[in-house]
Amino acid sequence: MGDDSEWMKLPIDQKCEHKVWKARLNGYEEALKLFQRIGDEKSPEWGKYLGLIKKFVTESNAVAQLKGLEAALVFIENAHVAGKTTGEVVSGVVSKVFNQPKARAKELGTDICLMYVEIEKAEIVQDELIKGLDNKNPKIVVACIETLRKALSEFGSKIITLKPVVKVLQKLFESREKAVRDEAKLLAVEIYKWIRDALRTPLQNINSVQLKELEEEWVKLPTGVPKQSRFLRSQQDLKAKFEQQQATGGDEGDGDDDEEPDVRVDPYELLEAVDILSKIPKDFYEKIEAKKWQERKEALEAVEALTKNPKLESGDYGDLVRALKKVVGKDANVMLVTLAAKCLAGLATGLRKKFGTYAGHVVPTFLEKFKEKKPQVVQALQEAIDAVFLTTTLQNISEDVLAVMDNKNPSIKQQASLFLARSFSHCTPTTLPKSVLKPLCAAFLKQVNDSAPEVRDAAFEALGTAMKVVGEKAVNPFLADLDKLKLDKIKECADKVELVGGKKGGGGGGQKKEKPAAKAAPVEEPPPKAAAGPPKKAPPAKASGAPKKGKAAAAPSAKGKKGAENKEITETELSLEVCEEKSAAVLPASCMQLLDSANWKERLASMEEFQRAVEQMDKSDMPCQALVRMLAKKPGWKETNFQVMQMKLHIVGLIAGKGTFSKTSALVVLDGLVDKVGDVKCGGKAREALTAIGEACSLPWTAEQVVSLAFAQKNPKNQAETLNWLANAMKEFGFAGINVKAFINNVKTALGATNPAVRTSAITLLGVMYLYMGAPLRMFFEDEKPALLSQIDAEFEKMQGQSPPAPVRGQTKKGAEDEGEDADEEDGVDGGAGDIMDLLPRTDISDKITSDMVTKISDKNWKIRKEGLDEVAAVISEAKFIQSNIGELPMALKGRLGDSNKLLVQQTLTILQQIATAMGPSLKQHVRNLGFPIITVLGDSKPNVRASALTTLNSWVEQTGLKEWLEGEDLSEELKRENPFLRQEVLGWLSERLPTMRTVPADLMLCIPNLYACLEDRNGDVRKKAQDALPTFMMHLGYDKMCKATSKLKPSSKDQVVAMLEKARAVMPAKPAAPAKAASSKSAQSAPAAKPASAPAKSQPAVDDYSGGESKPDTKKVKSAGSAAKKGVVGKKAPAKPAAKDEEDKSGPIFILVPNGKEQRMKEEKALKILKWNFITPRDEYVEQLKTQMSSCLAKWLQDELFHYDFQHHVKAVNAMIEHMEAESEAVIGCLDLILKWFTLRFFDTNTSILMKAMEFLKLLFTMLSRENYHLSEYEASSFIPYLILKVGESKDVVRKDVRAILTMLCNVYSACKMFPFLMEGTKSKNSKQRSECLEELGCLIENYGMNVCQPTPAKALKDIAVHIGDRDTTVRNAALNTVVAAYNVCGDQVFKLIGNLSEKDMSMLEERIKRSAKKTPAVSTKQEKAPREHPTNPNATFLRKPAQEEVPNKLKIMYRTYRIQARSQNAHSEHTAPSIPKEFQLDLDMIENDHTRVSEFPDLVQHKLDELLEPVSIPEPKIRSVSPHFDDLHNSTASTINFVISQVASGDINTSIQALAQIDEVLRQEDKAEAMSGHIDQFLIATFMQLRLIYNTHMADDRLDKKDIFKLYSCIIGNMLSLFSMESLAREASMGVLKDLMHGLITLMLDSRVEDIEDGQQLIRSVNLLVVRVLEKSDQTNILSALLVLLQDSLITTAGSPMFSELVMKCLWRMIRFLPETINSINLDRILLDVHNFMKVFPKEKLKQLKSDVPHRTLKTLLHTLCKLTGAKILDHLSMIENRNESELEAHLRRVVKHSGNLSGLKSDQIIEKGGLRSDEKVIKAKVSDILSEIFKKIGSKENTKEGLTELYEYKQKYSDADLEPFLRNTSQFFQSYVERGLRMIESEREGKSRIQTSTVIPQHSMDSYTPSHSSIPVNSNGEDLKPAVYYERLKILRQRHGLENAKQQQQQQQQQQDDERPSFSSLSKPPLASSTDMLHSKLSQLKESRESHFQQDSRSHSPGRASSPAANLDDLKKRLERIKSNRQ
């Protein structure tokens, strides 16, 4: 027991983990007790056990496991944190509990799983259980199925998602284990309970016996819906309800009613989608066009089989649909038509909503095809069209159906009506709005009277179904003209109808339900209109006013028609006798007698009696028609006495006002009234009468009659007055129901009238109509003359901003019923805005969209595609307004939206905008197939394309409303695409649009998962947009719904998203007011908008009355309604009040200094709290943001001026800012960011005067900033410079000039390096002016600041610049060339390397330009000489910009550059050498004078004293400042630190160098840090061998230096190298060029005799030896082998070199050869053979043999033999890199070696090989001779290359002494021949002289010339060695010459000449294709922050470009050489 007591003392959690099972058992028991004790579910105690619960479950001891499971169950039930363990615990249960033999264990395992479901973790549990179904152990599978079944049975199908379960069910039925199959059967039965027949489809493929058993089980099941019996923690309310029901014994009905609809599962959802597009036979499209019907049938059958799949994968079915549609429409074989229809039905069923895109294409075809009589065809078509209907909405296809409703063929009419009847049965009142029903009912009414009985019946059925769906009340207004019989028939049909939704009964019960439904309809419908309204028309007040008007009056007028007309429309025309009778009954007899008396007084008396009688008459007794006929009785309207006439007209008005006045009566009097309208005396009464008739018979009807009557007569006065009356009547009655079309023609006639009064009246009338209709009205008059149009526009302008007055007439009789108003409300909205668009006369362009045009649009050639698009654009613009049928066009245009040519994409978008405007509201049906592809374009990478797409999208939404876009899955599918641009744009668009909607379709919910995905997108902008969109989604969907949707997210994501939802909840906008009462809500909306335009008093109370605080969101809405609205408001506000008061305000400071304001703004922008200043065109929110930010920094009046809509105010503001700038400079700098931002907005103005003013200000501003030594921050620069650069492409020269000036000034306050990327970005513009100016500017930067300015690296920048050399635009080409030339002037031939490959044409242009610039250099150089000196106007400013350390070298570089340009000009024209030599050195002296950074005293050589010069000169010692202590601040990143340290390695100061080496050694010695060096190896090695050279040439020769220091430096270098080359990974990074130079340095060091003199020198040489071996072993074998070969070649070329050098190189090579068997696999043979080939080109066999030693020859042979031995014949495959290899000596050699490989040992074979080799060599040479020579003579003949040609010819003759030049000289002139001979002689004499010089030198020369381009970017002496003392001697010598102390000028000249000639000879000897380390060093220069020293070295080297390349070991040697040269010359 002793051991027991040990664990007994442990705490519970440790016991549970103990290795003794008893201890664990005890632990579980105690844990169980503890868990039952803890009362608080959030107690911290639970947290201790979080990690242990899995161990409780997976316990290996069976006894302990049971206790563990019990404890785990209690933990899960009670602990708040238990959910976190779900995954691991359930997977533990599945794997370790379900396989236990004990039933109790399994039971507990199942309980644990169910408990997790209860705590809301159903998904995870379900996933783990489904994974368990794949387990190999059948026990586990059975237990998992059982657990799933229990979970489903208890929690129901809402919580357990059935789709994944159903998916695996079929697999379970196929199991070999009976137990699994039985359990699967039980599960299937359980699932069937919940989803019924939806389960049949997925299980249709299981074994028939099993299916039969299942069917039997299913039949036994009760029919009721199963109930959830166990509830989640979040469903406690349901649980309580359920328990209550159980107790009361089951009144279950109402409790679950609301849930039931959700429970029905759609079988479609449970299916897997099948991709059939890939399975369509490849030849389908050919076969379907085949001549033989059998082939077509085969093709269709193949597709039919595929379309039978119940669920299809979405994809592009456009081609397939078109092909099938063609068969249905065009194929003569009815069998095939049937088949194709079935295929289309299959596609529609399988794709559901995703087929909606194609619905519009196929419906018209189906409808046309109904003309077929064959029943099987008709049935197939019916099935197909029904299937298609379910994929779209009635709105989308109603146009197509209406088009065939009056077809001549009765079958088509009948089937169309039956189709509509079936479609209606799927609708609800919401989805069958009045706007759709109205035109359809009109069509049915025609059909009800059709001659064909089947057509009549179909129409009745359709009307009956419609009545059943929306209720009698909604349909009755449309059936006013039907007689009772027909109405009854419709009602009878309605009673029979069975709706798909299973709605109960019709009649009275139905009616009650209809009421709320009818109310709901308008709420659903108007939003699109509301959303579309404002953006379309500028003034917001009017925009919201228009629908208001329509709405207010719509209801009453519709009511009115119904009330009045129903009774009176039938009034028949009475005969005169009847009228007299009826009148006699109500009028006095005397009155009747005197009516036609000849005496006017009697007639007047009669009229007075008539009037009295009418006044006293009762409405019901008044026979209106009879009375007005009496008035019209002779003389009637021809009455001559005006008093009688006035009475008559007054009585007509009375009768119309009092009686029930019908249209029949009206027609009797109207003619007379119109005749008198223009009368001076009677006109007023006539107009009053017309108004009364208008009130009685509705204005629209009256107006139409009156206008047509007026224009039927000739009297202009009448016409003018009629129009005036109408204008007034419209204001009084409102606009509802007016038939615009009817007036337009008459108005047009009036506009063309000769009488000015008529024209004026017409224009006034148009003004009134404009109040109601807005912009669309103008479209009718586009064709009028410009003068007239301008008058119309002026009238419209007057009406801008006014809202139409509330109607005062036309309501009296009908305003009573409130409900009526509600019911017709939605109609009104349509009537107000939508109907106006419907009034426009539209053209059908479908016949103009020819198949030819469609083919063109899809052509392969983009030009033809463009032609096609142009044609379409022309057709649309010609038609102006088009019908919705546009044939095949949608699919063709959709294809172009994805075109690879972005211009065509933009053109297509423009066409789609055109279509939107031209088609109007009927555009809705194209949203699916053409609208959503526009959204896809928002994902384009080009901002201009995205901007066009957004504009197009908005123009579509204006026409269609947003609702269409939110229905279905399309929008969520778009958001699913992981394209950051698309997501940003769509979310941005939605957050603008959603707030304007009152209601949204439920499908918006589908976007939520994708919205959440966007919240966590990698792209910051997407995240920002998604956050902005959250509140707008929430305002429609509600916080709870959105919160619930987070349950599907990962826990980590969920927390973040929920936090964001909380934030969004706080800023959620309120919904726009819903239209409760038409008038009041509309005015509520218009009020805020109208306020600036002095809102009509009437609408004011409405706002207060309607919604206390609601006006706030409204104001917001008005703001977003479009920039025009805002401008209007701002505009009116600014000048309104401040007039006099303002004047005194303007004194005092205008800039206010806010402490830390700018820093705060920077922080906010960084944290994305405010918009980042980054846009293509400034949107309103940017302007608003800036305005808000500026309010605290500027005087109020100034801000008003700055944000005024008038540019003159801007000019005034800028003037004020200019005045105050100097005085308030501190405050200006404080808000500089805002000022610059405001000016960027001005760059988007088109007004030149404000632009010029802006430029003036900016120039002054930057001058002031540079004076204040201010430095622009990144934040300021990035929000200003890009926009300034846009303006550099301005078309106006003055502006461009100013921008260039500002850019130059910018460099004083902002680093040129940082300016560079902005300008590079500018070169990508489409504007050629901008491109060229940016390139010019880049050129200036490079010129002024050197190559360091190029970002990110000179190579990258120059490559991008060089691209523009091939630009189409000449100015751009020139600018690019100039910029590259500027770079060339800075870094010489290196440029060609940096710019990479150019096309031949571009390269030749560049070379030509460089040549030209070389001729102009003297001018350039002087200019450049001045430039650097002028540049830093204020030294402090520049030092602010960069640390001193960088600044000075920059200055130096400019100096070298000028010097080097001159040097080059001398090289180019050696004739002018003499005069320009002094200048070269003079410049140098200038540089030294200017360079104050080095403390060094040079003699003032400009004002020299000659006697001083004769005294011995002491060489000054350059002192170098130590490394800046702030070096860490400057170089915070590792890479830049390493760069900096490496640059110090090459320092001329020994201590600096040793320090740097020590730092690097520290890094290299620690393995974990050494990696940091990766990528810097070449750089480090370059610095190292530069230091080696420096020691060799300078330090060793300097007697003043302590040799111990030098030894220490050597030791450091070698120690570092040994560390480096002991790490293979780093060693392998060394490139070939660098290794070559390194080996050169090391071997030179080994041979340096001076080293031996130092103490311990021998030891040093031994270390070097060791290092060389290490380098050979560890470097990349290809690189080192290559380097050795090249090094050998160089050392052999240099005859003056020490023979020991080449010997050591060969020793290295032998060592490499010895190790070849091990290393052969890692060697790139192609490269090695290329190097050998190059070697053999320079040293052919004869030349090798001429050498003193035969070792090189043997070395090469041994290398090749070893390679052949190791690789065999395969070696011949490795000659790929050698150009024209058949001419290569190497290939011949290798072939021989391979051939004789059996005989490789003896000497004899060598001799054979040599002889054969010679022979083959001769053949090769002969073949090449003519080519080479002709090339050389070409060069000699050309002016530029003549010297090079002569040199090459000389070398060629040297090489092949027996070469015959005769054939080439034969045809040339005598002069040319003697020229060639003379040239060769000169070269020969020079060479001889030179070789003498060279042999006399002591130190070996290893020519670097062949590698360093002659004007390398680092002016290194030809072998890169440093000659400090020599430089001073050279200078001194020149000064002496200049003053005649030495007569050596001539000598100097000859020497120069001699070196110029020597140069080509060297370079032409060999130019192997590799970059030497010196070039590499240059490319690294941009990274290396070079220390001053290295610059100084290079600088001093560069001063002897033409000197013979010997390194001058000491001064004596130099003197001797100079003497020798003198004696030679003499």
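Everything below is about the structure printed above this text.
Residues numbered from 1 in each chain as written. Predicted model: local features only at pLDDT ≥ 70, side-chain atom pairs only at ≥ 80, totals over all residues. Heavy atoms only, no water.

## With respect to the overall build of the chain
Reasoning step 1: When helices and strands are counted, the chain shows 110 helices and zero strands.
Reasoning step 2: When burial is assessed residue by residue, the chain has 54% of its 2026 residues classed as buried.
Reasoning step 3: Within the chain, contacts between residues separated by at least 24 positions form 76% of all contacts whose residues are at least 6 apart in sequence.
Reasoning step 4: As displayed, the chain offers around 90500 Å² of accessible surface, 52% of which is attributable to carbon and sulfur atoms. (Helix = DSSP H or I, 4+ residues; strand = E, 2+ residues; numbered from the N terminus. Buried < 20%, exposed > 50% of the residue type's maximum accessible area, 1.4 Å probe, protein only. Contact = heavy atoms within 4.5 Å. Areas by Shrake-Rupley, 256 points an atom, 1.4 Å probe, with all protein chains shown as cover.)

## Quick word on the nonpolar core
Reasoning step 1: In this structure, Phe1257, Leu1258, Leu1261, Phe1262, Leu1272 and Phe1316 are the most contacted members of the largest nonpolar core, which totals 100 residues.
Reasoning step 2: Excluding its chain neighbours within four sequence positions, the residues that come into contact with Leu1261 are Met1221, Val1228, Leu1232 and Leu1236.
Reasoning step 3: Among the nonpolar cores identified, the runner-up in size contains 98 residues, and Tyr1610, Leu1618, Leu1635 and Ile1771 belong to it. (Core = buried A, V, L, I, M, F, W, Y, C linked by side-chain atoms within 4.5 Å.)

## A few points about the packing of aromatic side chains
How two aromatic rings sit relative to each other is set out by the distance from centre to centre and by the angle between their planes.
Reasoning step 1: Tallied over the full model, the rule gives 30 aromatic pairs.
Reasoning step 2: The structure contains a cluster of three or more aromatic residues connected by ring pairs, namely Tyr28, Phe35, Trp46, Tyr49, Phe56 and Phe75.
Reasoning step 3: The ring centre of Phe642 lies 4.5 Å from the NZ or CZ of Lys681, which sits over that ring.
Reasoning step 4: Cation over ring: Arg1650 sits above Tyr1592, and NZ or CZ is 5.0 Å from the ring centre. (Phe/Tyr/Trp six-rings, centres within 6.5 Å; stacked < 30°, edge-to-face > 60°. Lys NZ or Arg CZ within 6 Å of the ring centre and 35° of its normal.)

## Some details on the packing of helix 48 (residues 889-897) against helix 50 (residues 927-937)
Reasoning step 1: Running from N to C, helix 48 and helix 50 point in directions that differ by 5°, and their axes come no closer than 10 Å. By the angle class used here, helix 48 and helix 50 are roughly parallel. Here Pro890, Leu893, Lys894 and Leu897 of helix 48 come into contact with helix 50, specifically with Asn929, Leu930, Pro933, Ile934 and Val937.
Reasoning step 2: Residue classes in the contact of helix 48 with helix 50 are distributed as seven nonpolar, one polar and one charged. (Axes fitted to C-alpha atoms, helices over the stretch in contact; angles between N-to-C directions. Parallel < 35°, antiparallel > 145°, perpendicular 65-115°, else oblique. Nonpolar A, V, L, I, M, F, W, Y, C, P; charged D, E, K, R; others polar.)

## Observations concerning helix 67 (residues 1207-1221)
Reasoning step 1: Across its 15 residues, helix 67 extends 21 Å between first and last C-alpha, which sits within 8% of the 21 Å expected from 1.5 Å per residue.
Reasoning step 2: Taken residue by residue, helix 67 has His1209, His1210, Val1211, Ala1213, Val1214, Ala1216, Met1217, Ile1218, His1220 and Met1221 as its buried positions.
Reasoning step 3: In this structure, the buried residues of helix 67 make contact with helix 66 (1196-1202), helix 68 (1225-1230), helix 69 (1232-1242) and helix 70 (1248-1267). (Expected span 1.5 Å × (residues − 1).)

## Remarks on the packing of helix 35 (residues 624-632) against helix 37 (residues 663-677)
Reasoning step 1: Where helix 35 meets helix 37, the closest approach of the two axes is 9 Å, and the angle between their N-to-C directions is 10°. Classified by the angle their axes make, helix 35 and helix 37 are roughly parallel. Facing helix 35, whose interface residues are Cys624, Gln625, Val628, Arg629 and Ala632, helix 37 presents Thr664, Ser665, Val668 and Val669.
Reasoning step 2: Classifying every residue of the contact of helix 35 with helix 37 gives five nonpolar, three polar and one charged.

## Section: unusual backbone geometry
Reasoning step 1: Here the residue pair Gln1351 and Pro1352 is connected by a cis peptide bond, since its omega of -5° sits within 30 degrees of zero.
Reasoning step 2: By secondary structure assignment, the location of Pro1352 is in the loop between helix 75 (1328-1345) and helix 76 (1354-1363).
Reasoning step 3: Positive phi, close to 75°, is recorded for Ser698, a residue that is not glycine.
Reasoning step 4: Along the polypeptide, Ser698 turns up in the loop between helix 38 (683-697) and helix 39 (699-712).

## What to know about the environment of Asp1605
Reasoning step 1: Note that Asp1605 resides in helix 90 (residues 1603-1622).
Reasoning step 2: Looking at Asp1605, the relative accessible area reads 33%, which means it is partly exposed.
Reasoning step 3: Placed 55 residues apart in sequence, Asp1605 and Ile1550 show a C-alpha to C-alpha distance of 7.4 Å.
Reasoning step 4: With near-sequence residues (within four places) excluded, Asp1605 lies in contact with Ile1550 and Ile1554.

## A closer look at the side chain of Asn1679
Reasoning step 1: Relative to the assigned elements, Asn1679 resides in helix 95 (residues 1677-1693).
Reasoning step 2: By relative accessible area, Asn1679 is classed as buried at 9%.
Reasoning step 3: Side chain to side chain, Asn1679 and Arg1727 meet in a polar contact 2.7 Å long.
Reasoning step 4: In this structure Asn1679 touches Ala1630, Ser1631, Met1632, Leu1635 and Arg1727, once residues within four positions along its chain are discounted. (Polar contact = N/O pair within 3.5 Å; in protein donor to acceptor, adjacent residues only side chain to side chain.)

Everything listed here is a matter of geometry and, on its own, says nothing about what the molecule does.
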